[in-house]
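# Coordinate inspection notes
Each chain, written out:
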Amino acid sequence: MKIAVVGSINMDMVVTADRIPGKGETLSGHDIRYVPGGKGANQAVAMARLGAEVEMFGCVGKDGNGKALLENLRAQHVGVQYIRELEDAATGVAMITVAENDNCIVVVPAANGRVDKAYVDSVKEGLLQADMIVLQHEIPLETVEYTALLAAQSGIRVVLNPAPAYPVSPEVIEAVSFLTPNEHEAKILFGEADREELLRRYPEKLVITLGSEGVTTALKDGTILTVPCRPSKVVDTTGAGDTLNGAFTVRIAEGAGIGEALRFANTAAGLSVEKFGAQGGMPTRDEVEKELS
Ligand code: RIB
């Protein structure tokens, strides 16, 4: 089972502080660390740690950050042969403040903004070998839409994690197999709607993550399935959504039903927040299975 990710690769500059600063405020932080991130790369690493064969598609700059991030992906057993190193762009960066059991993030896309339709066309042969494709919103939206439609035409199932939030065309919603917004992203995509009514409109396709409340979807018979969060000792929530998306995709690719896939994914996400960094706490297969049993 091969899974491809077309998405972002960032260097995360993470500062810890007692609280998230207000507008115009200067706060004294505790420390700063540089760790691998980017929603695309995070989801690729989450899946590889769970034993999946993963190929990453995207762009980095030909700079120190790009080199370190490629090395990290290789070390995590994620395929990097299609990642392009650009001479004329810097590697994407995210500035993250971790405080109050939460975070706030500013992303500078840089090379991620160059993951365009021409790039997808140039790697199409490799991409279409995948059994499933995972997409997020940290590369240009038109590339996300193009890739989703291309995959659907080729009979490849797509998981679209629409983060950060931008509206998605009805055609793309139709084309993808799974759409996994959080509550805020769901509002941007669908407006103010009753959550259960919305879930029933897209049974076993729309999966809404609810932060500390877990994750929810509608089954084909209209039953609402909500999987509550695993209680965790939170160190850093960065990447929890990425772990959930990656773990969910792995189990779906393996043929699990949606309920089982969500329970597995929720446990993986719960484990991931107990260590620092987006990828630092992503669990192995054994760790998730031990926890589930
Ligand atoms: O989802 C977490 C990720 O969002 C971080 O790793 C950061 O790079 C931002 O893209």
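Structure first, text after, so check above.
The following refers to the structure shown. (Residues numbered from 1 in each chain as written. Predicted model: local features only at pLDDT ≥ 70, side-chain atom pairs only at ≥ 80, totals over all residues. Heavy atoms only, no water.)

Our focus in this paragraph is the overall build of the protein. For the protein, the helix and strand inventory stands at 10 helices and 15 strands. Rg of the C-alpha trace for the protein: 18 Å, near the compact-globule value of 19 Å for 293 residues, within the 12% margin. When its C-alpha atoms are laid out on the principal axes, the protein stretches across 50 × 45 × 40 Å. Of all 293 residues assigned to the protein, the portion counted as buried reaches 54%. Partitioning the contacts of the protein with sequence separation of at least 6, the portion at a separation of at least 24 is 66%. In the form shown here, the protein has an accessible surface area of approximately 12,800 Å², with 49% of it arising from carbon and sulfur atoms. Between the centroid of the 27 positive side chains of the protein and the centroid of its 40 negative side chains there is a distance of 2 Å. (Helix = DSSP H or I, 4+ residues; strand = E, 2+ residues; numbered from the N terminus. Rg over C-alpha atoms; globule rule 2.2 N^0.38 Å. Buried < 20%, exposed > 50% of the residue type's maximum accessible area, 1.4 Å probe, protein only. Contact = heavy atoms within 4.5 Å. Areas by Shrake-Rupley, 256 points an atom, 1.4 Å probe, with all protein chains shown as cover. Lys, Arg positive; Asp, Glu negative; His and termini not counted. Charge placed at Lys NZ, Arg CZ, Asp CG, Glu CD.)

Moving on, we come to the sheet that holds strand E15 (residues 224–227). Spatial strand order, E13-E14-E15: three strands in an open sheet with antiparallel pairing. Only two strands of the sheet have a single neighbouring strand rather than two, namely strand E13 (207–209) and E15. Here the average twist between neighbouring strands, direction ignored, is 20 degrees. Of the pairings in the sheet, the one linking E13 to strand E14 (residues 215–218) comprises three bridges and is antiparallel in character. Paired with Thr 209 across the strands is Val 215, a residue of E14. (Pairing = 2+ DSSP bridges. Axes fitted to C-alpha atoms, helices over the stretch in contact; angles between N-to-C directions.)

It is worth spelling out unusual backbone geometry at this point. For the peptide bond that leads from Ala 163 to Pro 164, omega is -5 degrees, which places it in the cis range. Inspection of the secondary structure assignment puts Pro 164 in the loop between strand E11 (157–161) and helix H5 (170–175). Unlike most non-glycine residues, His 77 shows phi in positive territory, near 65 degrees. Secondary-structure assignment places His 77 in the loop between helix H2 (64–75) and strand E6 (78–79). His 77 sits in the exposed class, given a relative accessible area of 67%. Phi is positive for Ala 110, close to 45 degrees, though the residue is something other than glycine. Residue position: Ala 110 is located in the loop between strand E9 (102–108) and helix H3 (117–127).

For H2, which comprises 12 residues, the first-to-last C-alpha distance of 17 Å matches the rise-based estimate of 16 Å (1.5 Å per residue) to within 8%. His 77 sits one or two positions beyond H2 and adopts a positive phi of about 65 degrees. (Expected span 1.5 Å × (residues − 1).)

What follows concerns the pattern of salt bridges. Taken as a whole, this structure holds 12 salt bridges when the rule is applied. What emerges from the salt-bridge pattern is a single network uniting Arg 251, Glu 254, Glu 260, Arg 285 and Glu 289. (Salt bridge = Lys/Arg side-chain N within 4 Å of Asp/Glu carboxyl O.)

Where helix H1 (residues 39–49) contacts helix H8 (residues 240–253), the two axes come as close as 8 Å, and the packing angle between them is 50 degrees. Regarding the angle of H1 to H8, the classification is oblique. The two elements H1 and H8 cross, and the hand of that crossing is right-handed. Residues Lys 39, Asn 42, Gln 43, Ala 46 and Met 47 of H1 touch H8, and the partners they reach there are Asp 242, Thr 243, Asn 245, Gly 246, Thr 249 and Val 250. Grouping the amino acids of the contact of H1 with H8 by side-chain chemistry returns three nonpolar, six polar and two charged. (Parallel < 35°, antiparallel > 145°, perpendicular 65-115°, else oblique. Left-handed = near helix turned anticlockwise from the far one by under 90°. Nonpolar A, V, L, I, M, F, W, Y, C, P; charged D, E, K, R; others polar.)

Turning next to H8. Taking 1.5 Å of rise per residue, 14 residues should cover 20 Å, and H8 covers 20 Å from first to last C-alpha, within 8% of that figure. In terms of residue burial, H8 counts as a mostly covered element, since 13 of its 14 residues are buried. Positive backbone phi, at 100 degrees, marks Gly 255, one or two positions downstream of H8.

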